[in-house]
Amino acid sequence: MPVGGAEGERSSVGDRIDELVADQVVLVVGSITDPAGVTRGKYVPVRRLRDFQRSGMGVSPSWSVFCVDTGIAFTPAIGVAGDLRIRIDPAEARLIGDGIAWAPGSLGDQQGAPAALCTRSLLARAEAAAAERGLTVRVGGELECTMLAADGSPASTEPWSPYGIRTSLDRSAFLVDLATTAERAGLAVEQIHTEYGHDQLEVSLAPDTPVATADAVILARIVLGRAAARHGLRISFSPVPFEGAAGNGAHLHLSLADAEGPLFSGGRGPHGIRPDGGSAIAGVIDTLPDLIGVYAGSAVSPLRLKPGNWAGASACWGLENREAAVRFIAATPGSPHGANAELKLVDPSANPYLATAAFLSSALRGIDRELDLPDEIPVDPSTVAATPPPLPTAQVEAVDALENSAVAADLLGPEMVEALVAVRRHEIRTFGDLSPAEITQALRLAWSC
Ligand code: GLU
Ligand code: MG
């Protein structure tokens, strides 16, 4: 007979604890990812799982303005007083090995209300805003990263061959461990390959709802880091881990559907794009100058955002155009998840919850305003006469644009923008005068899990 209410909740958490114990779990960690893009967490012995759900684990409000180093970028609103809670849902606990289970945390106040600076709650609100408009949203995440030796130096010194069978099979034990751990963690890995850059690796995840995908990105970072460590490696999620090296992107794929079907296919626009789909893409491109500080706003990000890097540094869109900020992927038999818009500009220094919220909310804003789809740029944007206007890629420009943007405040909330600006300004003060070699070294492990 089903048991309801508090008693039912007690027994289901008790069952979950028993399952985790049977899976050799000793500790449960709940993490949040802060505006600087760093993931931080607290652990409890597995038997305290219920407390992690109900009362949550205490953290100071400064967790939202911790920086990529040990700095704290206090703001007028965030000082030393106050307390918040990380709460997790026991049902979302995933096995990450070594006797530990991980769950995505949400940041709330002591009463249980979401904190203004909870990036996961912000994304959940963007997801709800899409649902209110009758839209179904799917987001797919890609993780590019760089394998390092245990001391943080390059993992290999032999010549690299992009996508090479040698370069991947050289790491076969790690890759098999990675795939095994990912499966055990319930992570829907779609593809793994060695990438263009030296020692670079990519893992792509199956599309899911926005919050589930941002959670999966964090879980994938953790699983990558743990599997790598077992093979004497470390993983860098820096946008550029070494001066002059290929960049690491954190591309996001977005698809939207209403009651009539997908917005990016089946219509009479270019490549089958329906009017609302065109407005969604227009909304994303329209807000790029304001939101580049969200998508790629760290001290290292400008080193990647250059023409020729396939990093989407150009404010335009085009079918399968890897130099466009928005690469459009049409519905073909070769696209198992259907048509989607890939935001290439995003890098792994961005908080994936915030980046996904900005991407989705700017698409919804475009739909609400019925923005017109700009002309497609079907070739390398640097080769066309009417090049799209340059984006403010320098960190100072990107942070200024974010701080002064009414759109960013509207889409993300003024508190979130203030915290993000504060942590990025700390980076400008701390790393702004360093050479690319010094910045890439200083931040090589900043976003690793
Ligand atoms: N590594 C490139 C970037 O920084 C992307 C390469 C690709 O198209 O997969 O975004
Ligand atoms: Mg790639």
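Structure: above.
Sequence positions are assigned chain by chain, starting from 1 and proceeding in written order. Just so you know, chain letters begin at A and ligand numbers begin at 1, following the order they were written in. Note on the predicted model: pLDDT of at least 70 is required for a residue's local features to be given, and 80 or more for side-chain atom pairs to be given and counted; whole-chain, interface and lining totals, by contrast, use all residues. The side-chain numbers reported here are obtained from all heavy atoms of the structure, hydrogens and water having been left aside.

J.: Account for the site of ligand 1, naming residues and giving values.
T.: Throughout, near means a residue has at least one heavy atom within 4 Å of the molecule or strand. Surveying the vicinity of ligand 1 reveals the residues Glu144, Glu195, Gly247, Asn248, Gly249, His251, Arg304, Asn309, Trp310, Ala311 and Lys344. As used in this structure description, the phrase polar contact means that two N or O atoms lie within 3.5 Å; if the pair is within protein, one of them must be able to donate a hydrogen and the other to accept it, and residues adjacent in sequence are counted only when both atoms belong to side chains. Contact distances for ligand 1 include 2.9 Å between a nitrogen atom and a backbone N or O atom of Gly247. Between ligand 1 and Arg304 there is a distance of 2.7 Å, counted from an oxygen atom to a side-chain nitrogen or oxygen. Accessible surface is estimated by sampling points in the Shrake-Rupley manner with a 1.4 Å probe; for residues, cover comes only from the protein chains shown. Protein coverage of the free-state accessible area of ligand 1, which is 300 Å², stands at 91%. Across the shell around ligand 1, the residue classes tally to two nonpolar, five polar and four charged. When residues are grouped by polarity, Ala, Val, Leu, Ile, Met, Phe, Trp, Tyr, Cys and Pro land in nonpolar, Asp, Glu, Lys and Arg in charged, and all others, Gly among them, in polar.

J.: Give a description of the coordination of the magnesium ion (ligand 2) that names residues and reports values.
T.: Within the protein, Glu144 (OE), Glu195 (OE) and Glu202 (OE) serve as the donor atoms for the magnesium ion (ligand 2), at 2.0 to 2.1 Å. Along the chain, the residues that donate to the magnesium ion (ligand 2) are spaced as E-x50-E-x6-E. Taken as a pair, Glu144 in strand 8 (residues 136–149) and Glu195 in the loop between strand 9 (189–194) and strand 10 (200–205) lie far apart in primary sequence, 51 residues in all. Exposure is judged per residue with a 1.4 Å probe applied to protein chains only, and the accessible area is read against the type maximum: over 50% gives exposed, under 20% gives buried, and values in between give partly exposed. By relative accessible area, which is 9% here, Glu195 ends up buried. Counted as donors are the N, O and S atoms within 2.8 Å of the metal, or 3.2 Å for Na, K and Ca, while water is not among the atoms, so some sites may look incomplete. Helix numbering and strand numbering both begin at the N terminus, where a helix is a DSSP run of H or I of at least 4 residues and a strand a DSSP run of E of at least 2.

J.: Go over the sheet that holds strand 4 (residues 84–87) with me, naming the residues and quoting the values.
T.: Two strands pair under a simple rule: DSSP has to find at least two bridges between them. Here we have three strands laid out as an open sheet, ordered 3-4-7, and antiparallel in their pairing. The sheet is open, and its two edges are formed by strand 3 (57–59) and strand 7 (106–108), each paired on a single side. Ignoring which end each strand starts from, the neighbouring axes of this sheet average 35° apart. Direction of pairing for strand 3 relative to strand 4: antiparallel, over a ladder of three bridges. Counterpart to Gly58 in the pairing with strand 4 is Arg85. Fitted lines through C-alpha atoms give the axes, limited to the stretch in contact for helices. The angle between two N-to-C directions lies from 0 to 180 degrees.

J.: Please give an account of the environment of Arg85 that cites residues and values.
T.: Position of Arg85 among the secondary structure elements: in strand 4. Residue Arg85 is classed as buried on the basis of its relative accessible area, which comes to 18%. A contact between two residues is defined here by any heavy atoms of the two lying within 4.5 Å. Those residues in contact with Arg85, other than ones at most four positions away along the chain, are Ser55, Gly56, Met57, Gly58, Ser106, Leu107, Gly108, Asp109 and Gln110. In this structure the side chain of Arg85 is engaged in a polar contact, spanning 3.4 Å, whose partner is the backbone oxygen of Ser55. At a separation of 2.4 Å, a polar atom in the side chain of Arg85 contacts the side chain of Asp83.

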